[in-house]
Amino acid sequence: MSLVRSEVIQKSTSCHAHRCLNSLKIHLALPSAIPIGIRIIGCMAQIINISNSADYQSMIRSTTPSEDEDHFLTPSSDIDFSQLNGVVYQYSTVDIHPNDNDSINTDDLSQSTTLMIPQYETYLNLSTSSSETSLARPLLNEKNHPIPLYTEDIKIKTPIDSNHSLISNYCSFIKLYIIDMLISASIITPFVNIHWRGAWDLLDIHLLPNHPHISALVSLVLGLFILYFIYLMQNSLQNFYEKHHKNLLGQIMARFYTLIMAFAYINQWRGLWNLLDLTSNNWSQLVIETLISVIILLLMKSVYNLNSAPFLIATDTDSYFLIGSKYMITTRRCWQYTFDFILYEIVEAPFVVIAWRGLYNLSDIYIYPDNKSMSMLISFLIGYSLFFILAILQIPTIQCLMKKTHQTIYSLLSNVFHLIAFVSVVQIWRSLWMMCEQFINIPGYHHLTLWLCYIVAYVVLTCGLAACSLNGPGGAKENYIDDQPVFLFKFDYFSTLLKNQSDRLKIKKMENLGSDLSSTETIIPGEYPFRLEPP
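Within any chain, residue numbers begin from 1 and follow the written order of that chain's sequence. Residue-level local features of this predicted model are given only where pLDDT is at least 70; pairs of side-chain atoms are given and counted only at 80 or more, and the full residue set underlies all totals for whole chains, interfaces and linings. The side-chain numbers reported here are obtained from all heavy atoms of the structure, hydrogens and water having been left aside.

Caption draft 1: Here's a closer look at helix α4 (residues 248–277). Only DSSP runs of H or I with at least four residues qualify as helices, and only runs of E with at least two residues qualify as strands; both kinds are numbered from the N terminus onward. Take the number of residues in a helix, subtract one, and multiply by 1.5 Å to get its expected span. Its 30 residues give α4 an end-to-end C-alpha distance of 43 Å, which sits within 8% of 44 Å, the value for a rise of 1.5 Å per residue. Per-residue accessibility, obtained with a 1.4 Å probe over protein chains only, is compared with the maximum for each type, and a residue is labelled buried under 20%, exposed over 50%, and partly exposed between these values. Most of α4 sits out of view: 21 of its 30 residues are buried. Identification of polar contacts relies on pairs of N or O atoms within 3.5 Å, with a donor-acceptor requirement for protein atoms, meaning one able to donate a hydrogen and the other able to accept it, and with residues adjacent in sequence counted only if both atoms are side-chain atoms. Residue N247 occupies the N-cap position of α4, its side-chain oxygen lying 3.3 Å from the main-chain nitrogen of L249.

Caption draft 2: Summary view of the pattern of salt bridges. Here, a salt bridge means any side-chain nitrogen of Lys or Arg that lies within 4 Å of a carboxyl oxygen of Asp or Glu. With the rule as written, the count across this model stands at eight salt bridges. Linked by salt bridges that have partners in common, D277, E289 and R357 make up one network.

Caption draft 3: Examining unusual backbone geometry more closely. Residue A309 is joined to P310 through a cis peptide bond whose omega torsion reads 15°. You can see P310 is positioned in the loop between α5 (283–299) and α6 (333–366). Positive phi, close to 55°, is recorded for L465, a residue that is not glycine. Within the secondary structure, L465 is located in the loop between α9 (446–463) and α10 (493–515).

Caption draft 4: Local environment of a nonpolar patch on the surface. A cluster of nonpolar residues, I442, Y445, L448, L452, V456 and V460, forms a patch on the protein surface that exposes about 490 Å² of accessible area. Looking at the element boundaries, V456 is found in helix α9. By relative accessible area, which is 40% here, V456 ends up partly exposed. Like-charged residues within 9 Å of one another, or nonpolar side chains (Val, Leu, Ile, Met, Phe, Trp, Tyr) within 5 Å, are grouped into patches, provided each residue has over 30% relative accessible area and no salt bridge. Exposure was quantified through the Shrake-Rupley algorithm and a 1.4 Å probe, taking into account, for residues, occlusion by the shown protein chains and nothing else.

Caption draft 5: Structural context of the packing of α6 against helix α8 (residues 407–439). Interaxial distance between α6 and α8 falls to 10 Å at its minimum, and their mutual angle equals 60°. Here α6 lies oblique to α8, going by the angle between them. Between α6 and α8 lies a crossing whose hand is right-handed. On the side of α6, the interface is formed by A355, W356, L359, Y360, S363 and D364, while α8 contributes F422, V423, V425, V426, Q427, W429, R430 and W433. The nonpolar class holds Ala, Val, Leu, Ile, Met, Phe, Trp, Tyr, Cys and Pro. Asp, Glu, Lys and Arg form the charged class, and all remaining residues, Gly among them, are polar. Looking at the contact of α6 with α8, its residues break down into ten nonpolar, two polar and two charged. For helices, the axis comes from a line fit to the C-alpha atoms of the stretch in contact; other axes are also lines fit to C-alpha atoms, and the angle between any two N-to-C directions lies between 0 and 180 degrees. These descriptions rest on fixed angle ranges, namely under 35 degrees for roughly parallel, over 145 for roughly antiparallel, 65 to 115 for roughly perpendicular, and the rest for oblique. By convention, the crossing between two helices is left-handed when the near helix turns anticlockwise from the far helix through less than a right angle, and right-handed when the turn is clockwise. Two residues form a contact once any of their heavy atoms are found within 4.5 Å.

Caption draft 6: Structural context of the side chain of T449. Topologically, T449 is positioned in helix α9. In this structure the side chain of T449 is engaged in a polar contact, spanning 2.9 Å, whose partner is the backbone nitrogen of I442. At a separation of 2.7 Å, a polar atom in the side chain of T449 contacts the main-chain carbonyl oxygen of Y445. Each residue touching T449, except ones within four places of it in the same chain, is listed here: R197, I440, N441 and I442.

Caption draft 7: Region of interest: the nonpolar core. Among buried residues, the Ala, Val, Leu, Ile, Met, Phe, Trp, Tyr and Cys ones that are joined through side-chain atoms within 4.5 Å form a nonpolar core. Counting residues in hydrophobic clusters, the biggest one holds 78 residues, and the most contacted among them are I188, W196, W269, L306, W356, F387 and F491. Of all elements in the fold, only α2 (162–206), α3 (212–244), α4, α5, α6, α7 (372–401), α8 and α9 reach the threshold of two or more residues within this core. Setting aside residues up to four positions removed in sequence, L306 forms contacts with V294, L297, V352, A355, W356, F422 and V425.

Right, dumping it as structure tokens:
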């Protein structure tokens, strides 16, 4: 009986020894696995923080971590992971049996040694001077200790509160919004108008001036031919630019593309406009044509095409070769691009030109037709007054519509605002066109004046990265392609340039992180007040 009991005790001791042996093997395997895991987690933390930097709302948190918070830790380059013996939690104990040559003595497992592990602290610093966030490297309290540790204690220094940050962001948004509004109205729009006037009058002089019917028809066909070629080649042009955008060839191609695109739209508009002028200019016919065109554009959900600068400002980005599709009918590019061309340039564009011509000629008839200076001044005041009123009202209006609003009400208000903007933009272009004819003219050098208007305006807008605005009304197709009616007037020129610069800085820093994982400080650009989007 005692023999059996002795065997049972021996088996129990042996099982206990095997369990301890397996646990110790796991502990011995940790030093080679956990340092690699810490490196991966640290790199993922930097990437996640960079990718979310433009969308964060507030990174100010309490010093007491909540249960649902994730603390991303960045490993320090000062830590030599090749010398680590393990990673454990704060104030945990490790039971190590003294042995020789890493051999396990299963006869005596009662003796153990307890090691207290010190903690490391990670600091998340918020810089108030530059509105940037930096992840500082972990600080080691006892640098020479053989076993390092990352703990869950995160100390956050928050010299500013969330209310102050919110007010600061709102003020920055208003400042940028006002700057965009003024640049659009006082700089970009006049130069776009000057460029169009120069090209239009040069075509009147050089393109079959003695045959107005044929001249208008040739201009229309030439514009449509160039536009169709651009539609078909848009994907190839984009691929070519992506390959050569860093060298001189790519930049020359992009700048030449904007000039050719603007020239095509000017020919298209001149041809349609002059052909309509050869028919009739009766006020009743102008009213009927304008009303019918506006109604058709409303039914087609294309009333946004009636807008142009200053309500619509396009910037020269890396993807402006691509023309968005309003309706997808096929996966074959050739047929899809042909359908887009027919929809935009054959169906919608004539109604836009008819509406513009009707309102423009009605203004010529009824706004002081015998006094050009007074007529020009009244159109200028009407156009820019409506522009600034709509630009100011759209922010509170959008904030109201962001609440639960019925789709019908949203569509109605959107169309009303765009129709008012249509009246405004026609009056602005009319007044600026009359100013060019009256004031921008070198006596005895009318032909040279037109060439200077055409070239100088293009050069100025190209240097300002706003040459895409030369496309004129309906020239930026991507701005109105949306499942819902587009409401916001997109003249965020300066804000877009800041956003693009911020994106380039983030990409550059991500590339630096990929090439040098020893970098322990990540600078994340602060949130810029981007434009509001429709609800």
